[in-house]
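The primary structure of each chain is shown beneath.
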Amino acid sequence: MTARVLWAQLTVDRRRTVARYELALEATRRPELRAIYDRAGGRFREPAVALLAAAGSPDPVRHGRQLVVFGEGVMFDAIVGAGAEPTLGDLRRGVRELLAGMLSGGSVSRA
């Protein structure tokens, strides 16, 4: 489901996604927009935290944020033209790999 949401943001809702990035940039200069943008971001973070908590994450708040950051990075990369637009299959593999790493219980000793 996460991959499908990302794919929809890149295809069906692409104009809205671009507008959200424009709002994010403007919010760095205008504090009154920052509050609006931060509230809107909760619509993504809260379900991600709930999803990871239900999946057994040992740290659902941190992992939820990382899941959102992953999605934002993929979308930004595709939208600004720096990267190829991922297919739904690419997104599914990426999300699956990210979640497997988060939920495996192992830790990486070197970052």
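The structure we're discussing is the one just above.
Residues numbered from 1 in each chain as written. Predicted model: local features only at pLDDT ≥ 70, side-chain atom pairs only at ≥ 80, totals over all residues. Heavy atoms only, no water.

### Quick look at the pattern of salt bridges
So, point 1. Under the counting rule described, the total for this entry stands at eight salt bridges.
So, point 2. Residue aspartate 90 pairs with arginine 93 through a salt bridge whose shortest N-O separation is 2.6 Å. Of the two residues, aspartate 90 and arginine 93 are both situated in helix α5 (residues 88-103); the distance of three residues between them amounts to about one turn of the helix.
So, point 3. Taken together, the salt bridges that share partners define one network made up of Glu26, Arg29, Arg30 and Glu32. (Salt bridge = Lys/Arg side-chain N within 4 Å of Asp/Glu carboxyl O. Helix = DSSP H or I, 4+ residues; strand = E, 2+ residues; numbered from the N terminus.)

### Considering the nonpolar core
So, point 1. Counting 17 residues, the largest nonpolar core has Leu67 and Leu99 as the members making the most contacts within it.
So, point 2. Listing elements by their share of this core, those giving two or more residues are α1 (2-10), α3 (31-54), α4 (60-79) and α5.
So, point 3. The element best represented in this core is α4, accounting for six residues.
So, point 4. Ignoring any residue separated from it by four or fewer positions in sequence, one finds leucine 99 in contact with Leu52 and Leu67. (Core = buried A, V, L, I, M, F, W, Y, C linked by side-chain atoms within 4.5 Å. Buried < 20%, exposed > 50% of the residue type's maximum accessible area, 1.4 Å probe, protein only. Contact = heavy atoms within 4.5 Å.)

### Focus on the side chain of serine 57
So, point 1. Counting through the fold element by element, serine 57 comes out in the loop between α3 and α4.
So, point 2. Contacts of serine 57, omitting those with residues within four sequence positions, involve Leu52, His63 and Leu103.

### A look at the packing of helix α2 (residues 14-27) against α4
So, point 1. As a packed pair, α2 and α4 sit with axes 11 Å apart at the nearest point and diverge in direction by 105 degrees. Between α2 and α4, the angle falls in the class roughly perpendicular. Where α2 approaches α4, its residues Arg14, Thr17, Val18, Arg20 and Tyr21 are matched on the opposing element by Glu72, Met75, Phe76, Ala78 and Ile79.
So, point 2. Per-class residue counts for the contact of α2 with α4 are six nonpolar, one polar and three charged. (Axes fitted to C-alpha atoms, helices over the stretch in contact; angles between N-to-C directions. Parallel < 35°, antiparallel > 145°, perpendicular 65-115°, else oblique. Nonpolar A, V, L, I, M, F, W, Y, C, P; charged D, E, K, R; others polar.)

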